[in-house]
Amino acid sequence: MSLAQHTPARPVRQHEEPDHQASLIVQGADATGIVAALTALLSRHGANIVSLDQYSENPQGGAFFQRTVFTLPGLRATLPALRADLDERLVKEFGLRYTLRDLSVPKRVAIFASKSDHCLLDLLWRHRQGQLTVGIPMVISNHPDLAEEVRPFGIPFFHVPSMGPDKSAAEAEHLRLLKDNVDFVVLARYMQILSGDFIERAGVPIINIHHSFLPAFIGAGPYAKAKERGVKLVGATAHYVTEDLDEGPIIEQDVVRVTHAHTAADLTRRGADVERAVLSRAVLWHAEDRVIRDGHHTIVFA
């Protein structure tokens, strides 16, 4: 049995038509007529646009970004012809790049965790409730502590020890587990640094949740450090992982106010609440193709 077969199906709400719905992401240099050409192309194929978001850095040749969600009966059979038209119109004529995805096929995500359970369990709970449109074929941890917490969700748990400076054996096992089974990875408070080689060989986007606004209070004991500094805000940042530690493109951030009366434990609890909310939004937005990476920053159609 493949890993994907273990993943429970996401409940489908009555108003959804997942078999007929697709997302189209377009980016490149702005030019007159892009939106008109795109909507006309979709109309010729009988598509009905459900939502359309766009952003231009500068209408005079700046970068252009667009996310379109549309319904089209018989979508799967029509996709090859639709892609051919998009290649001809958007790529050849406008020099744009695009991705077209059938939304009836959820993206598959592997969740990495260590000992902290708040972000991991929040994602698993939202997935079970149908709030996260993803498949979760596996949870991977460098500690066995959370295995029993994950078991009730029916998702395979893999303990892969990662100790000492040489993590090559652990990363090799990670790559074996991930190969052909996932579309992206989420680090749900996974307290290990990933090597550049692993990031490159994984070949999929990796999302991390970081306490506080980057790069403040890095390292161990961030909330104790925040208490010592008398901070008035604690927050969290969800970002894509790059070789530069905690400096990848940011997807989402949020904060909560604190006062001098809050203890380090209070800050930890309030910070965990923010981490859960920020990470779940980032995962959902990535899963729904709402995030477009452009160099070191992102465009988020939330």
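Described in the following lines is the structure provided in the data block.

Each value, and the rule that gives it
- Residues numbered from 1 in each chain as written.
- Predicted model: local features only at pLDDT ≥ 70, side-chain atom pairs only at ≥ 80, totals over all residues.
- Heavy atoms only, no water.
- Helix = DSSP H or I, 4+ residues; strand = E, 2+ residues; numbered from the N terminus.
- Rg over C-alpha atoms; globule rule 2.2 N^0.38 Å.
- Buried < 20%, exposed > 50% of the residue type's maximum accessible area, 1.4 Å probe, protein only.
- Contact = heavy atoms within 4.5 Å.
- Areas by Shrake-Rupley, 256 points an atom, 1.4 Å probe, with all protein chains shown as cover.
- Lys, Arg positive; Asp, Glu negative; His and termini not counted.
- Charge placed at Lys NZ, Arg CZ, Asp CG, Glu CD.
- Salt bridge = Lys/Arg side-chain N within 4 Å of Asp/Glu carboxyl O.
- Pairing = 2+ DSSP bridges.
- Axes fitted to C-alpha atoms, helices over the stretch in contact; angles between N-to-C directions.
- Parallel < 35°, antiparallel > 145°, perpendicular 65-115°, else oblique.
- Left-handed = near helix turned anticlockwise from the far one by under 90°.
- Nonpolar A, V, L, I, M, F, W, Y, C, P; charged D, E, K, R; others polar.
- Patch = residues over 30% accessible without salt bridge, like charges linked within 9 Å, V, L, I, M, F, W, Y side chains within 5 Å.
- Phe/Tyr/Trp six-rings, centres within 6.5 Å; stacked < 30°, edge-to-face > 60°.
- Lys NZ or Arg CZ within 6 Å of the ring centre and 35° of its normal.

## What to know about the overall build of the protein
When its secondary structure is counted, the protein shows eight helices and 13 strands. Taking 19 Å as the expected radius of gyration for a compact globule of 302 residues, we find that the protein reaches 21 Å, a close match to that expectation. For the protein, buried positions account for 47% of its 302 residues. Long-range contacts, defined here as pairs at least 24 residues apart, represent 67% of the contacts in the protein between residues at least 6 apart. Accessible area for the protein stands at about 14,800 Å²; split by element, carbon and sulfur atoms hold 52% of it. Across the protein, the 32 positively charged side chains and the 36 negatively charged ones have centroids separated by 4 Å.

## Digging into the pattern of salt bridges
Using the criterion set out here, one finds 15 salt bridges in the structure. Close ionic contact of Asp 102 with Arg 76 constitutes a salt bridge, the shortest N to O distance being 3.1 Å. With Asp 102 in strand S4 (residues 97–102) and Arg 76 in helix H2 (residues 75–94), this residue pair connects regions lying 26 residues apart in the sequence. Using a relative accessible area of 10% as the deciding quantity, one classes Asp 102 as buried. The closest approach of N and O atoms between Asp 183 and Arg 108, which form a salt bridge, is 3.2 Å. Linking Asp 183 in the loop between helix H5 (168–178) and strand S8 (184–187) with Arg 108 in strand S5 (residues 107–113), this pair joins segments that are 75 residues apart in sequence. A relative accessible area of 30% means that Asp 183 is categorised as partly exposed.

## So, the sheet that holds S4
The pairing of strands in a sheet comes from backbone hydrogen bonds and takes either a parallel or an antiparallel form. Taken in spatial order, the four strands line up as S2-S3-S1-S4 in an open sheet, and their pairing is antiparallel. The open sheet has two edge strands with one neighbour each: strand S2 (48–56) and S4. Strand-to-strand twist in this sheet, taken as the mean axis angle between neighbours without regard to direction, amounts to 10 degrees. As defined by bridge partners, strand S1 (residues 21–29) adjoins strand S3 (residues 63–71) across nine bridges and the pair is classed as antiparallel. Its bridge partner lying in S3, Val 26 is registered against Gln 66. This element, H2, spans S1, S3 and S4 of the sheet and lies at about 170 degrees to S4.

## Some thoughts on the packing of helix H7 (residues 222–229) against helix H8 (residues 264–287)
A pair of packed helices is captured by two measures, namely the crossing angle of their axes and the spacing between those axes. Closest axis-to-axis distance for the H7/H8 pair is 9 Å, and the angle between their directions is 120 degrees. The angle between H7 and H8 falls in the class oblique. The two elements H7 and H8 cross, and the hand of that crossing is right-handed. Contacts from Tyr 223, Ala 224, Ala 226 and Lys 227 of H7 reach H8 at Ala 264, Leu 267, Thr 268, Gly 271, Ala 272 and Glu 275. Residues belonging to the contact of H7 with H8 are distributed by class as follows: six nonpolar, two polar and two charged.

## Observations regarding the packing of helix H3 (residues 118–128) against H8
Packing of H3 against H8 leaves a shortest axis separation of 9 Å and a crossing angle of 45 degrees. Our classification of the angle between H3 and H8 gives oblique. Both H3 and H8 take part in a crossing whose hand is right-handed. On the side of H3, the interface is formed by His 118, Cys 119, Asp 122, Leu 123 and Arg 126, while H8 contributes Ala 272, Glu 275, Arg 276, Leu 279, Ser 280 and Val 283. Looking at the contact of H3 with H8 residue by residue, the classes come out as five nonpolar, two polar and four charged.

## Thoughts on a negative patch on the surface
On the surface, a cluster of negative charge is contributed by Glu 200, Glu 243, Asp 244 and Glu 247. One can find Glu 200 in helix H6 (residues 196–202). Judged by relative accessible area, which is 64%, Glu 200 ranks as exposed.

## Remarks on the packing of aromatic side chains
Per the counting criterion, the structure on display carries two aromatic pairs. A ring pair is formed by Tyr 55 and Phe 65, whose centres lie 6.2 Å apart and whose planes are at 15 degrees; its orientation type is stacked. You can see Tyr 55 sitting in strand S2 and its partner Phe 65 sitting in strand S3, a full 10 residues away along the chain. We classify Tyr 55 as partly exposed; its relative accessible area is 38%. Plain terms: the ring middles of Phe 112 and Tyr 190 are 5.3 Å apart, the flat faces sit at 85 degrees to each other, and that makes the pair edge-to-face. Of the two residues, Phe 112 is situated in strand S5 and Tyr 190 in the loop between S8 and H6; the sequence distance between them amounts to 78 residues. Tyr 190 matches Phe 112 in its accessibility class, with the two residues each being buried. Positioned above the aromatic ring of Tyr 240, the side-chain terminus of Arg 293 is 4.5 Å from the ring centre.

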